[in-house]
Each structure stands twice: as structure tokens, then as C-alpha cells.
2 protein chains.
Amino acid sequence: MKQSKTFIPTMRENPSDIEMRSHQLLLRAGYIRQNANGVYTYLTLAQRVFRKIEAIIRQEMEAIEGIEISLPALQSSSILKETERWDSYGKEMFHVADRQTNQLALSSSDEEAIIDLLRDEVRSYKKLPLTIFQIKTKFRDEIKPRAGLLHSREFIRKDAYSFHSTEESLDEKYLEVMQAYTNMLTRLGMHFRMVISDGGTGSHEFIALTENGEDRIAYSDSSSYAANMEFAEVHVDYETPKEKQLEMIKISTPNQRTIEDLASFLSVNPERIIKSLVYKVDNDFVMVVCRGDHCVNEYKLKRFLNVKHMELATGQQIEELLGCHTGSIGPVKLPIGVRVYADHAVKAMVNVVAGANIDDYHLLNVNPERDFAIDDYVDIRFVQEGDASPDGMGTIKFTEGIGVGHLRKLGTIFSEQMKGTFLNEHGRTKPFIMGSYSLGISRLLATIAEQFNDEKGLKWPKHLAPFDIHMITMNVKDEVQTQLADELYAVLESYRYDVLYDDRAERAGVKFADADLIGLPVRIIIGKRANEGIVEVMYRHSGESIDWQKEEVLEKLQSFFSAD
Amino acid sequence: MKQSKTFIPTMRENPSDIEMRSHQLLLRAGYIRQNANGVYTYLTLAQRVFRKIEAIIRQEMEAIEGIEISLPALQSSSILKETERWDSYGKEMFHVADRQTNQLALSSSDEEAIIDLLRDEVRSYKKLPLTIFQIKTKFRDEIKPRAGLLHSREFIRKDAYSFHSTEESLDEKYLEVMQAYTNMLTRLGMHFRMVISDGGTGSHEFIALTENGEDRIAYSDSSSYAANMEFAEVHVDYETPKEKQLEMIKISTPNQRTIEDLASFLSVNPERIIKSLVYKVDNDFVMVVCRGDHCVNEYKLKRFLNVKHMELATGQQIEELLGCHTGSIGPVKLPIGVRVYADHAVKAMVNVVAGANIDDYHLLNVNPERDFAIDDYVDIRFVQEGDASPDGMGTIKFTEGIGVGHLRKLGTIFSEQMKGTFLNEHGRTKPFIMGSYSLGISRLLATIAEQFNDEKGLKWPKHLAPFDIHMITMNVKDEVQTQLADELYAVLESYRYDVLYDDRAERAGVKFADADLIGLPVRIIIGKRANEGIVEVMYRHSGESIDWQKEEVLEKLQSFFSAD
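Residues numbered from 1 in each chain as written. Chains lettered and ligands numbered in written order. Predicted model: local features only at pLDDT ≥ 70, side-chain atom pairs only at ≥ 80, totals over all residues. Heavy atoms only, no water.

**Remarks on the side chain of R28 of chain B**
Residues and elements named next belong to chain B.
For step 1, the next point in the chain: Here R28 shows up in helix α1 (residues 21–28).
For step 2, the next point in the chain: Put simply, R28 is tucked away with no salt bridge, and the nearest opposite charge, on E13, sits 6.9 Å away.
For step 3, the next point in the chain: In this structure, R28 is in contact with P9, T10, M11, R12, E13, N14, P15 and L517, ignoring residues within four places of it in sequence. (Helix = DSSP H or I, 4+ residues; strand = E, 2+ residues; numbered from the N terminus. Buried < 20%, exposed > 50% of the residue type's maximum accessible area, 1.4 Å probe, protein only. Lys, Arg positive; Asp, Glu negative; His and termini not counted. Salt bridge = Lys/Arg side-chain N within 4 Å of Asp/Glu carboxyl O. Contact = heavy atoms within 4.5 Å.)

In C-alpha cells:
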């Protein structure tokens, strides 16, 4: 493609108000433009990357017997009402006014549509399992569109749904999809981790590791274990100190209301202070205690309590319940009926500090189980860096990233609601057992850009770059240069390289700056030594620069592109 | 692809209420399903055809320097208000409710979006011409969605827009696009005609010829000339009969109000009767006359008069103007101020019949120009079969078809409205000169299905078929058959044939009926003679059936698929 004949609008300056590096670069390098808040145009460079991403996705999905279809963007309310998502989506869903019924929405997810399709057509277990996928534009009216393609209101996603007659069949497909996703992201050249994203084994996310991500993940430094922060389990063997239990003493702690204040006031380590929190759960109050240096993970707590509504008790509620301020509460001598749940670490605490349930007083030498009852020990805290990995291999580290894919065992939730059923081998009507598997494609574009750039611009992995080679004539008025460039361009194209040929009558500096921004893996510069048949080659990733004789170009390119 | 593992839901019976053949077959053969009124899901077979169509479109558009981008589906009102289409689209446009402004619509056309993109980025004639294309889902709230994919509310279209600094550059690109479209449709294997679809040279349609089409076209039997009926010019040399002009006579013609009645009452050929029509044009009345066997083409009339509003005068208006009923009007002795326009054929009429402007009276021996004045002779009638072709080659025939592509010289209409300008070589600000070029992709699927079928099902052209080969095991319980089929399947896949392998435990009759419906070009049946290494091959197009030795399968397939 001759650059003079295409449309790659680059920008010299960083657009204002845009913080995310990938967003800046995709705009500056002419990959995308914004049309409206959270709505983007993909320009030709982005289209070329999408084509490559999509080809990889199709191959890997087809390798696990994925069947590609295309459901419409317009969704009818009737199916969304069957799962009550017509209402529960709320303002995230775009409603569409049509001339007939005003009962259409723009698709943000297709569980309903896919069940509606299959429930009429797949009536026997013999036709299962089926894995259906599509690559589609999706719509979600984000309350605050941001970070360019990461939180846009119109985006491209691969989604897939699998249908099974048995749990085992779902489990098997789930593992296949995991492998397919691993293959895809590996082929895309990404740095990523598959992380656990629920308490069980029914949900995993693929997180692209980035310096500034939206997701924090905990991973083992010595195994494949990784989980979203809120889901990372804590499996630590706490050692109980061999101390003699001492007598509990009440002491005055005026105005010491936080763990930090108290630790410094009493000169004790926060590890020796019990952190107490009261939650209102339905109509009851529950006290949750953990070590002072730990943080309660409300996701875990909520799952453990298995309740819909749970919130931290207000100052007033605590005052009414315990007769003191929040800063002085503790698990000793609670009113009858207040359950106490303790993190496992509490079991190993001896002679520690806790609130006295009297304003400005704390207790010393508190010993769990001796001084207060514990209804249950539960994994209730956030994992910390340095904790042992739950799989017993290595220790936990933290990193940040961006979620690009999500695998979920849906089970029969949707199929029961929608009466999506089949006859099993005994002739009984059963709901489809389902899995869902999404992968953000426009998100991948942004994420890869986030992973592969430097201060000058983008640096595409070679299998994904919009073109293989950026060929630049230093001076288009120089006939020798132009002739060599034209000749080389023809040869490279005939060898099926995708070449972006910068034949523009611009200064060399402008051309190099654009090439840095665009970020193709190999740059061939045809300059002053064209008369000797010598071109300069630069690798974008390494920055390495070498002179090649024109005769050796093909061979050297082949060795570069065929290497892993 | 093993048929047992994919999703091709065929139907034995024709769905009720569906008239169009292609629509019936695409449903029955499991290519599409309807989700809502005018909204369809494309199943895997359709997706495979789309991939092939799209690859051809991309190649041909890129060959004429088309640049692929992707504009969003969500369009902001601000740009649509610049061209006033936010209002003028009316109910054809889907409005989208969003949480902020309620000022979004779903794209049905992208003139505004593309100008909005380029007006900020292309400021000099040096960056022109540019041809931008995209393959996108589009939305139009048809008042009456019908004929399956032909008039759906959500559809796939390739659209393209070209931008130029001179008319010559637009003309050149327009011809290139014409050639590209001709190449595409030829490669798709379609029967089509490019037809003139306006009075000048600024609009052409590509019409797929079908038995029952929505469009009627006139074409030359001996040249490439073709036009939409309403735009087909009439260039006929009428011979003036060598008769002496006779004296005009008024005669009674009681209740003879149509040309047919009158011709039979007077025993004259309709060619010898003047057909007179009165139109109300703004605040004036105009009489239009043509030969009794011709039909006035109101499109041509309206273009000639160059007016916005024009309608046939009512009976009452005619009574007030001429004092008689519609059936007795004629051009002789009209009130002052009523202009008369005559079709060219009228010039050659001698001693003919016309209405007398008196109820139940006509005039005989009327001679134009002697008996009434003619303001202008104009090409004002519909072309007829048997007329000479306007290009002087051959005679006109009629046929029907379905419009699949539309080329238009937009000129500066939109760019002036939207201030889409560039600086020309003299430094003057000029509006972009534009062309637009659409091609309906979901429409093509339906149209090709309409052109290639028989009573049993679809018959895909081989370059477009969703799979190359349908391989069928007659009896999957027969180990010899299954083994040969598995073996052949592996070999064919390794030779990069796309094979649909019917390994289902269905009766052979069911499998054959499905295969007929689906319509792949080559069928390989593995049946009783598997033990001799013999398979039966059937060509879907010719219906020809031959036995092949398994060893010769590859060679024979290659010669079939490499032939034109």
C-alpha cells in the first residue's frame, strides 16, 4: 500500500485529556478516531489488525468445534423479558425506537438470542454438545465511557456459548476453551494470565498484564496460579505463638480509633490487634474479625454469608447495638444474637488487643475462644503479597492488568428461565447446561497497544502488525532512491509481504516519526546509499539498525519473519 | 466439518406465508432464521458464504485503491442535522435512547460520518483522491419488511465513498468502480446487468437478473445498454405517414372514455389516437400528449419540468379547466396558459383522433401543429419492447431483477452542506467532490440463492459455496463405508478442500434431501461399493452422477474446481 494513497492521519502532539497510553497512541498513529462519547471509527490500520486477530480467533474456535453464526444487533424485548434482563439491564442497555412497537434493544449479550435460536431446533441430547460463536459489534451504554476502546459504548467482541446435556460435557468444553484462549493470546504475542474469577471453578478471566491496569490480580511466583484480587483464596498455615495466655486488662485509649493510631499509641504491631467490623445482613448484625494488618474481603464475606444485601453498619447502628463509637468496638461481650466470624489468622492470635465496646477503651491480652466465641473461621480476607500461594507452590505477588476474556459456566440459569430444553437419553426433558465465553476484540487492540509501545510509538508483534514492512524513501525527488524503492516494493509484494510504502513528498524526519508511531516490525529505508544498492533496515522492537545489500533483502526478511 | 457436530437446521416443508423462493430455501436449508420482523440470524452456512463474498469485495475494492475502515453503527445527531437528514430520514431511521442525550441513531448511510471524518484530516488537494470503503451492518426501519434478506431492517452492506478535487478525477474513479463491480459480480458467478438509473450519467445500478424481481429493466439485445424502466431513454425515428392532412371533424363517442374503448368503437389502431393527460404543476396546468399505445413516464416528465410537485389533475380540476370529463379531453382549443408537451412520436401523427374537450365527443383528422400548438417535443414516454435501443445497437427487451449495487456521483451536495472542504492548487477553499458506491451483501446472498436453485434446493456457484464438497456416508453403521469416508475426509481436508461430511446416523433419504437443499457443488456418496473402493460423485449443477475409484478422487476434483 502506497502511503500517499491511503489514509493514516497521524498527530504530532498528544491529544489533551487522554491519559491511557494506548488510547493516545492509537489516536496519534491514525488507528482510530472518536465519533461521539465512547464511540469510535476504526481506520484502515486498525482494520488490518482486526483481520489478523479475527483469523486467529476463528482458527482456534473452529479447532474446538466452534460454529460461527451471526445474531442480530437488534434484540426483541420478548426474549429479554423471559430472563427479566429487559428490566434488570437498566440504563446499560440502549433502547431502540422503531415504528412499530418500541420494543427493541441493541445487543450487549446474547444468552437469550442463542437459547431462542436453539430451543426450537435442538430437541435431543444426540445433537449436543454444540459450541456456537460469533464476532460482532456490541453495545453498552456505559455510564462513563473512558480509556478509549476499553470502555466504549460500541465495541467488537467474540462471544461463544456452549450447550451440553451433562455437566461432564460442559467441564470438558470449558477446559478446551481455556486451551483455545491460551493458544489465541499466545499467538497474539500477549503477556497474560488466566485468573480465577469466582469462588469455585466456574469462572475464569484472561488478564493482559499491563503497567496500569483496571484489574489487580494475585499470582504465584512459582506456578500458574492466578486470581482476581477479590477471588484469590488465602491458604496460610499460621503459627500460634507459644505464649501463655495472660489476664485480660481494660485500658484507656483516648481518641485511638484506627488500627494505625492504636498500634502507635500502644507500641504494638498491627498483627497483634484484632480488627472488628460490624455488618448489617438482612435484619441481623454480624461481627467480622481479622488481624489488624489484614483487610476484610467483602466479596468473600458475601459469598460465605450467601446473602443478597449486606452493608457495613452505620455509626448510629453501632452506637445502638454496642453503646460506643466504631473505633472502640470488639468481639468481647457482644449482645446475644450477634454472630462472630473470624478470619483463619485470628485462630493463631494470643494476648492481643481488641476494642472494649466502651468509648476510648481497649482490652489487652484478649484471647479468641477464651474471651469471645467464634461462630466460624472463614477465609474472609484479601490475599497479601508474600502469602503462600493457595496451590502450595510459591508465594503470592500482585500485578495489574486488563481483562480481555471471560469464561463462565452458566449451568442452567438461563435455559431454565427460557425453557431451553432437550430430551435426555431416558426421554426426560432437561434444560440445556451452558457455558459462555467472551473475548473483547476492540479491547484486545487497545490492550496489545498498551503492552507494545515505547516513548516514540507503537511496536506491534510481527504476527499482528497491520503491515509487515514499512518502506521509506528518504527523498522522493531522488530518482535513484525512487527507482530502487519501486523495484523493491514490487518484489516484496510479489512475495506476499504486506508493505506500507511511504512514497510521500514529506521530509525524512516526518516520515520517521510517523513510522515510529505506526510501529511496524521492520523498516526499510532507501536513502543516499541507494546508488550502491544498499538499504538501511531497522527492527522496531530492538531498535537495531543494519545495512543490507538489496540482493539479500528477501532472504533476511524471510529469516526474520519465520523466526518465532 | 462433520455434520453431526455443526448446526444446520433443515426443514422438510416450505414455511408458510413465505413467497420468495430464495427466502424459502435459505430458511429450509438452514442458512438463516428470523429473530424479529425483518431481523435475521445468519447461521454458519450463510457466514461461510459471506466470508467468500467479502474476500472478493475486499480484493476488488483494494485493487482500485479502496481503503477499508469501519464507521460506528451509532450516529450522533449533530452530523445528521448538518444535512437535515436527522429530520428527513423520518421513521426509516432507528432512534436510539441513550442515558445522556437521546440524540443517537443507527446508521443507514454514512455520508455524514465519512465527511465528518475527512473534513478534519484532509485539507489539501494533494491528499486526494481517496476512496474509503467498509463492510458493515446497517439499519433501516422499513415500513414493511419483506422478502427475507431483500427488505430487512438490519442488513450487511459494503459502502464506499470517494473524494476528489476535480470532476475528472471523480469520473475516472466512477469508471474504475464500475469495472470493480463488474469484476466482483462476475467472480460471484452472477447474471447481472449494469443499468442507467438516472437521466444523466451520474447513477448506475447493478441489477441481478431474476425471474421475479422488484425492478424492471430495459436492455438492448445487441449491446451493453440497459436502464431502469423509468430512466430508459427512447430514441426512435418515427416515420411520418405520407397522408394528406384531412379536415378535422367532431364526432359523437358516447361513453368512450379509454383509449381501448375508443379504438374499438372507432375501429382504429391506438397508434392513431392521441392520449392526453393533464397535470397540475405547482399552480399551473400542463397537458401532456403521447401516442395511444404509449405510456407517459412521469419520472421523465418530472425531470423535464424540473419541479418538485406534480400530480395528475383531478376530475374536478379538469371539469373546471376544460368543461368536460377526463375521458374526452384533448389538446385542441385549450384555454390560454395551458402548456402542451408532446412525446416525439406525436410529431409523426397524421389525421389522428383526439378528445374534443366536450363530454362524449372526439375529433377525427387531428393534425399536431396544424390543429394545436406544442410547446415542446420531449422524450416523455416509457420505452417499449421492440423499440430501437437508444445507443443505436439492437432493440429493447425487458427483464426483471433485483438491485444489488448502486453507484452515484454525489458531487458536492453533502460536502457543501457539511463544509467538507480542501484547498485546491490555487489555495482556494473548495468542497470535496464525492461519489458513493453501495453493494448489498446480505442482499447478494438472497439474490444468488434466487438465481441458483431448482425444485430441490440451492445450487451454489462453486466459488461461493459454503463448502466445496458434501461427503455422505450412506450407512454410518457400515464400517467399510465409515472407514473409507473418514480416510477420504482426512485426505480432502489436507488438500484444503472445505468438506461438509455428513456422518449423521440418519437415513440416506434424509441426507440426500438435506444435501439437495444445502446445494454444495460436488457430492461424494460413500455407499455399498465402498468395499470396491468406489464412490459415487454427483455434480449439483448438472445433476450428473459418476462412479469414481477412490484413487482418482483428488485428480478429478482438482480438474473440476480449477475449470472456469
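The discussion continues.
**Side note on the relation of the copies chain B and chain A**
For step 1, the next point in the chain: Rotating chain B by 180 degrees and moving it 0.1 Å along the rotation axis overlays it on chain A with an RMSD of 0.1 Å. Interpreted geometrically, this transformation is the action of a two-fold axis. For chain B, the smallest separation between a C-alpha atom and the rotation axis is recorded for V96 of chain B, amounting to 2.3 Å.
For step 2, the next point in the chain: The fraction of interface residues of chain B whose copies in chain A are also interface residues reaches 100%, indicating that both copies meet through the same surface. (Least-squares fit on C-alpha atoms with pLDDT ≥ 70 in both.)

**Points about the domain arrangement of chain A**
Note: interface size is frequently given as the accessible area lost on complex formation between the parts.
All names here are of chain A.
For step 1, the next point in the chain: The assigned domain composition of chain A is domain 1 (9–233 + 398–449), domain 2 (249–378) and domain 3 (467–562).
For step 2, the next point in the chain: On a C-alpha basis, the centroid separation for the pair domain 1 and domain 3 is 38 Å.
For step 3, the next point in the chain: Opposite the 10 residues of domain 1 that make contact, domain 3 presents 8 residues.
For step 4, the next point in the chain: In total, domain 1 and domain 3 occlude about 790 Å² of area from one another, counting both sides; carbon and sulfur atoms represent 56% of this.
For step 5, the next point in the chain: Together, R12, L45 and R48 form the three largest contributors to the area buried by domain 1 at its contact with domain 3, with a combined 49%.
For step 6, the next point in the chain: Taken together, the links from domain 1 to domain 3 amount to 3 salt bridges.
For step 7, the next point in the chain: We note a salt bridge from R48 to D498, for which the minimum N-O separation is 3.6 Å. (Domains from an automatic or database assignment. Buried area = accessible area lost by both parts, 1.4 Å probe.)

**Description of the packing of aromatic side chains**
For step 1, the next point in the chain: Per the stated rule, a full pass over the model turns up 24 aromatic pairs over all chains.
For step 2, the next point in the chain: Centroid distance Y489 of chain B to Y501 of chain B: 4.9 Å. Interplanar angle 45 degrees. Geometry classified as tilted. With Y489 of chain B in helix α12 (residues 479–494) and Y501 of chain B in strand β28 (residues 499–502), this pair connects stretches of sequence that are 12 residues apart. Judged on exposure class, the residue Y489 of chain B and its partner Y501 of chain B are both buried.
For step 3, the next point in the chain: One aromatic cluster is present, built from ring pairs that chain together Y497, Y539, F560 and F561 of chain A.
For step 4, the next point in the chain: When the ring centre of Y174 of chain B is taken as origin, the NZ or CZ atom of K409 of chain B, which lies over that ring, is 4.9 Å away. (Phe/Tyr/Trp six-rings, centres within 6.5 Å; stacked < 30°, edge-to-face > 60°. Lys NZ or Arg CZ within 6 Å of the ring centre and 35° of its normal.)

**Here's the deal with the sheet that holds strand β19 (residues 361–366) of chain B**
The pairing of strands in a sheet happens through backbone hydrogen bonds and is either parallel or antiparallel.
Residue and element names in this part refer to chain B.
For step 1, the next point in the chain: The strand order β13-β19-β18 describes an open sheet built from 3 strands, whose pairing is antiparallel. Only two strands of the sheet have a single partner each, and these edge strands are β13 (249–252) and β18 (352–355). On average, each strand axis in the sheet is inclined to that of its neighbour by 35 degrees, with strand direction left out of account.
For step 2, the next point in the chain: With 4 bridges joining them, β13 and β19 adopt antiparallel strand pairing. What sits directly across from I249, in β19, is L364. (Pairing = 2+ DSSP bridges. Axes fitted to C-alpha atoms, helices over the stretch in contact; angles between N-to-C directions.)

**Notes on the pairing of strand β30 (residues 534–539) of chain B**
Residue and element names in this part refer to chain B.
For step 1, the next point in the chain: Here β30 lies mainly inside the structure; 5 of its 6 residues are buried.
For step 2, the next point in the chain: Pairing geometry for strand β29 (residues 522–526) and β30, over 4 bridges, is antiparallel. From the neighbouring strand, R523 faces β30, where its bridge partner is M538.
For step 3, the next point in the chain: Sheet analysis places β30 next to strand β31 (residues 545–549), joined by 5 bridges and oriented antiparallel. By the bridge assignment, M538 is partnered in β31 with S545.
For step 4, the next point in the chain: In this structure, the hairpin formed by β30 and β31 is closed by a connection of 5 residues, where G543 is found at a positive phi of approximately 80 degrees.

**Side note on the side chain of D116 of chain A**
For step 1, the next point in the chain: With respect to the element layout, D116 of chain A can be found in helix α5 (residues 111–119).
For step 2, the next point in the chain: Within the structure, D116 of chain A has its side chain in polar contact with the side chain of R119 of chain A (distance 2.9 Å). (Polar contact = N/O pair within 3.5 Å; in protein donor to acceptor, adjacent residues only side chain to side chain.)

**Points about helix α2 (residues 44–63) of chain B**
Residues and elements named next belong to chain B.
For step 1, the next point in the chain: Over its 20 residues, α2 extends 29 Å from the first C-alpha to the last, a length consistent with the 28 Å expected when each residue adds 1.5 Å.
For step 2, the next point in the chain: In terms of residue burial, α2 counts as a mostly covered element, since 14 of its 20 residues are buried.
For step 3, the next point in the chain: Where α2 ends, the next residue or the one after it, E65, has phi of about 65 degrees, a positive value. (Expected span 1.5 Å × (residues − 1).)

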